[in-house]
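Given next are the chains, with one letter for each unit.
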Amino acid sequence: MATFMPTILQLTDLHLMADPLVELKGARTRDIVKRVFEYVRQEINRRRWRFDQIVITGDLAHDELRETYLVLRELLGELNDSCLLLPGNHDDRGFMREVFPEQFTADDDFLNFSVEVGGWRLIGLDSHVKGEVPGELGARQLDWISRELASHADQPTVLFIHHPPFAVGSDWVDAIGLQDADALMSCLAASSQVKAICAGHVHQAFETEANGVRMMTTPSSSLQFTPQADQLCLDAVPPGFRVLQLGDDFQSEVVRLPE
Ligand SMILES: [Fe+2]
């Protein structure tokens, strides 16, 4: 039995705006994200989570402005101390480096991470491609992942990434996922310690499994897309996030805000 079970929260796709009044598809994303962060704080207290890490898997800023990352930093408040950030297609690596200097050094090519929490390894992959909606890791980062996995082969591992390296059953979003997903999956084939992949980008909850790896996407902390749709169609379900409990097994739960 593990003596302590790390709790990790995955939030994703905030799509924040520098101007609080600007709407995205009829909604003020800043107001929604504020409510989600407040709910996270309440749940941390109510459920008495021994809470270890928040991972936000990209699309932090919709408008890609420096000021928007300052807004994110302010909204996170004390949560920032436990936060790991990844870029999505909408993000700007330069602004992320500037506003969160404790997380990224100026000469990092990729904004990825590899940390150990309670015997588990969390690896974040940067799938951002400047000016493009689909994502890609590229040969250098794939090489980094292989080396990271080889040097921590004894630690059960969860991967975090913005673009899902698997299909979720909606042609329009599957076309804009991770373009070198097959190369990533080949890297993982030699690493049985990878238990799960947690992605964002598709603004919906989805889960599947392949070769013993659980693969999931997480609802957006702002707007939701309708699952299995053949075009972008907003879903009326509330925003949410994912809670991972990493003990002897990988456990995961999608939490949505009350209606
Ligand atoms: Fe997004």
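Conventions and cut-offs
Residues numbered from 1 in each chain as written. Predicted model: local features only at pLDDT ≥ 70, side-chain atom pairs only at ≥ 80, totals over all residues. Heavy atoms only, no water. Pairing = 2+ DSSP bridges. Helix = DSSP H or I, 4+ residues; strand = E, 2+ residues; numbered from the N terminus. Axes fitted to C-alpha atoms, helices over the stretch in contact; angles between N-to-C directions. Contact = heavy atoms within 4.5 Å. Parallel < 35°, antiparallel > 145°, perpendicular 65-115°, else oblique. Left-handed = near helix turned anticlockwise from the far one by under 90°. Nonpolar A, V, L, I, M, F, W, Y, C, P; charged D, E, K, R; others polar. Expected span 1.5 Å × (residues − 1). Buried < 20%, exposed > 50% of the residue type's maximum accessible area, 1.4 Å probe, protein only. Polar contact = N/O pair within 3.5 Å; in protein donor to acceptor, adjacent residues only side chain to side chain. Donors = N, O, S within 2.8 Å, 3.2 Å for Na, K, Ca; no water. Tetrahedral: all angles 85-135°; square planar, octahedral: opposite > 155°, others 65-115°. Core = buried A, V, L, I, M, F, W, Y, C linked by side-chain atoms within 4.5 Å. Salt bridge = Lys/Arg side-chain N within 4 Å of Asp/Glu carboxyl O.

Q: Tell me about the sheet that holds strand S12 (residues 240-246), and name the residues and values.
A: Strand order across the open sheet formed by five strands is S3-S2-S1-S12-S13, with mixed pairing between neighbours. One side of each edge strand has no neighbouring strand; the edge strands of this open sheet are strand S3 (83-86) and strand S13 (250-256). Within the sheet, the average angular offset between the axes of one strand and its neighbour, ignoring direction, is 20 degrees. Across the sheet, helix H1 (residues 29-46) touches strand S1 (7-11), strand S2 (51-57), S12 and S13, and the angle it forms with S1 is around 170 degrees.

Q: Lay out the packing of H1 against helix H2 (residues 66-76) in plain terms, naming residues and giving numbers.
A: Their axes nearest at 10 Å, the elements H1 and H2 cross at an angle of 30 degrees. For the element pair H1 / H2, the angle class is roughly parallel. Crossing handedness for the pair H1 and H2: right-handed. Only Val71, Leu72, Leu75 and Leu76 of H2 make contact with H1, whose side of the interface consists of Arg30, Val33, Lys34, Phe37 and Arg41. Split by residue class, the contact of H1 with H2 holds six nonpolar, no polar and three charged.

Q: Residues and numbers for unusual backbone geometry, please.
A: Within the chain, histidine 201 stands out as a residue other than glycine whose phi angle is a positive 75 degrees. Along the chain, histidine 201 falls in the loop between strand S7 (194-199) and strand S8 (206-210). For glutamine 228, which is not glycine, the phi torsion reads 60 degrees and is therefore positive. Counting through the fold element by element, glutamine 228 comes out in the loop between strand S10 (224-225) and strand S11 (234-235).

Q: Report on H1, specifying residues and quantitative values.
A: Taking 1.5 Å per residue as the helical rise, H1 with its 18 residues ought to reach 26 Å, and the 25 Å between its terminal C-alpha atoms agrees with that figure. Thr29, Arg30, Ile32, Val33, Val36, Phe37, Tyr39, Val40, Glu43 and Ile44 are the residues of H1 that are buried. Residues of H1 that are buried in the fold lie against S1, S2, H2, S12 and S13. Taken from the residues just after H1, arginine 48 is the one with a positive phi, measuring 50 degrees.

Q: Give me the environment of glutamate 43: which residues, what numbers.
A: If you trace the backbone, glutamate 43 turns up in helix H1. What makes glutamate 43 buried here is its relative accessible area of 2%. Glutamate 43 sits 21 residues away from valine 22 along the chain, and the two C-alpha atoms are 28 Å apart. Look past the residues within four positions of glutamate 43 in its chain and what remains in contact with it is Arg48 and Trp49. In terms of polar contacts, glutamate 43 uses its side chain to reach the side chain of arginine 46, at 2.7 Å.

Q: Please set out the coordination of the iron ion residue by residue, giving values where relevant.
A: Angles at a metal have ideal values that depend on geometry: 109.5 degrees with four tetrahedral donors, 90 or 180 degrees with six octahedral donors. The coordination sphere of the iron ion contains the protein donors Asp13 (OD), His15 (NE2), Asp59 (OD) and His203 (NE2), at a distance range of 2.1 to 2.4 Å. Each of the four donor atoms around the iron ion contributes to a set of angles spanning 87 to 178 degrees, which defines the coordination as irregular. One chain supplies every donor to the iron ion, and in sequence these donors are spaced D-x1-H-x43-D-x143-H. Residue aspartate 59 is found in the loop between S2 and H2, and its partner histidine 203 is found in the loop between S7 and S8; the two are separated by 144 residues along the sequence. Its relative accessible area of 2% is what places aspartate 59 among the buried residues.

Q: Explain the nonpolar core to me, and be specific about the residues and the numbers.
A: Generally speaking, a soluble globular protein has its nonpolar side chains buried in company with each other. Judged by nonpolar contacts, the single largest core of 37 residues is most densely connected at Leu11, Ile56 and Phe241. Examining the composition of this core, we find that seven residues originate from one element, H1, more than from any other. When sequence neighbours within four positions are dropped, the list of residues in contact with isoleucine 56 reads Leu11, Thr12, Leu14, Leu76, Cys83, Leu84, Leu85 and Leu86. Among the nonpolar cores identified, the runner-up in size contains 24 residues, and Ile123, Leu137, Val168 and Val194 belong to it.

Q: Which residues make up the pattern of salt bridges, and what values do they have?
A: Note that side chains of opposite charge can pair when their charged atoms are close. On inspection of all chains with the given rule, the structure shows eleven salt bridges. We note a salt bridge from glutamate 43 to arginine 46, for which the minimum N-O separation is 2.7 Å. Taken together, the positions of glutamate 43 and arginine 46, both in helix H1 and three residues apart, correspond to about one turn of that helix. A cluster of three or more residues bridged by salt bridges with shared partners is formed by Glu43, Arg46, Arg47 and Glu253.

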